[in-house]
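# Structural description and commentary
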Amino acid sequence: ITLALATLAVATPIRQNDTPASDCNTGDLQCCDTTGTANTPSIATLLTLLGIVVPDVTALIGATCSPISAVGLGGNSCTAQPVCCTNNSFNGVVALGCTPVNLNL
């Protein structure tokens, strides 16, 4: 797993979104070092290692994520990709059902 996480250390940017972070009402705000689909090679490897089956291979997945709390308060920054995810039950290793958000809106 360590090797898989090391390959995810490089941030993978996705398109900027105009969805404000305050609209995240379906899950938790996360700052993920990597985002992509189940077909993204580094994410596919991680999902396989963890035994996670994703039924929708086009859904956005975050990897190496940490929570972002209290949007709008000082000190909340994400130097990678901020996303709103519906399933973060994997302790930040992966987050499923993600939507990119803009923390500045």
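If you're wondering where the values come from, they're calculated on a predicted model, not measured in any experiment.

Thresholds applied
Every chain's residues receive numbers from 1 upward, in the order its sequence appears when written. The model is predicted, so local features are restricted to residues of pLDDT at least 70 and side-chain atom pairs to those at 80 or more, both for listing and for counting; the totals for chains, interfaces and linings are taken over all residues. Remark: hydrogens and water are excluded; side-chain values derive from all non-hydrogen atoms of the structure. With a 1.4 Å probe rolled over the protein chains alone, any residue whose accessible area is under 20% of its type maximum counts as buried; one over 50% counts as exposed, and the rest are partly exposed. Here a strand is any run of E in DSSP of at least two residues, a helix any run of H or I of at least four, and the numbering for each starts at the N terminus. The directions from the helix axis to the C-beta atoms form the arc being described. By definition, two strands form a pair when at least two bridges between them are found by DSSP. Disulfide assignment relies on a single distance test, namely cysteine sulfur atoms paired within 2.5 Å. To form a nonpolar core, buried Ala, Val, Leu, Ile, Met, Phe, Trp, Tyr and Cys residues must be joined to one another through side-chain atoms within 4.5 Å. Only heavy atoms enter the contact rule, under which two residues are in contact if any of them lie within 4.5 Å.

Take helix α2 (residues 41-50) next. Here α2 has its buried residues at S42, I43, L46 and L47. Projection of α2 onto a plane perpendicular to its axis shows the buried side chains occupying an angular sector of 135 degrees, all on one side. Turned more than 90 degrees away from the buried face of α2, the exposed residues are P41 and T48.

Sheet analysis places strand β1 (residues 28-36) next to strand β2 (residues 61-67), joined by six bridges and oriented antiparallel. Within the sheet, the bridge partner assigned to T34 lies in β2 and is A63. Where β2 meets strand β4 (residues 94-100), two bridges bridge the pair, whose relative direction is antiparallel. Across the sheet, the residue bridging to A63 is V94, located in β4.

Unlike most non-glycine residues, T64 shows phi in positive territory, near 55 degrees. Judged by relative accessible area, which is 28%, T64 ranks as partly exposed.

With that out of the way, let us pick up the state of the cysteines. On inspection of all chains with the given rule, the structure shows four disulfides. Sulfur-sulfur distance for the disulfide between C24 and C84 comes to 2.0 Å. Between C24 and C84 the sulfur-sulfur dihedral comes to about 75 degrees; the bridge is accordingly right-handed. Of the two residues, C24 is situated in the loop between α1 (2-7) and β1 and C84 in strand β3 (residues 81-87); the sequence distance between them amounts to 60 residues. Across the disulfide from C85 sits C98; the S-S distance is 2.1 Å. Its S-S torsion of about 100 degrees marks the bond between C85 and C98 as right-handed, since a negative value means left-handed. Separated by 13 residues along the polypeptide, C85 in strand β3 and C98 in strand β4 bring together distant segments of the chain. Taking relative accessible area as the criterion, C85 reaches 2% and is therefore assigned buried.

One finds A38, I43, L46, L47, I52, V54, I61, A63, V94 and L96 forming the largest nonpolar core, which totals 10 residues. Secondary structure elements with two or more residues in this core: α2, β2 and β4. For this core, the leading source of residues is α2, giving three residues. With residues up to four places along the chain from it excluded, the contact list for I52 reads L47, F90, V94 and L96. Grouped together as the second largest cluster of nonpolar side chains are eight residues, A21, L29, C84 and V101 included.

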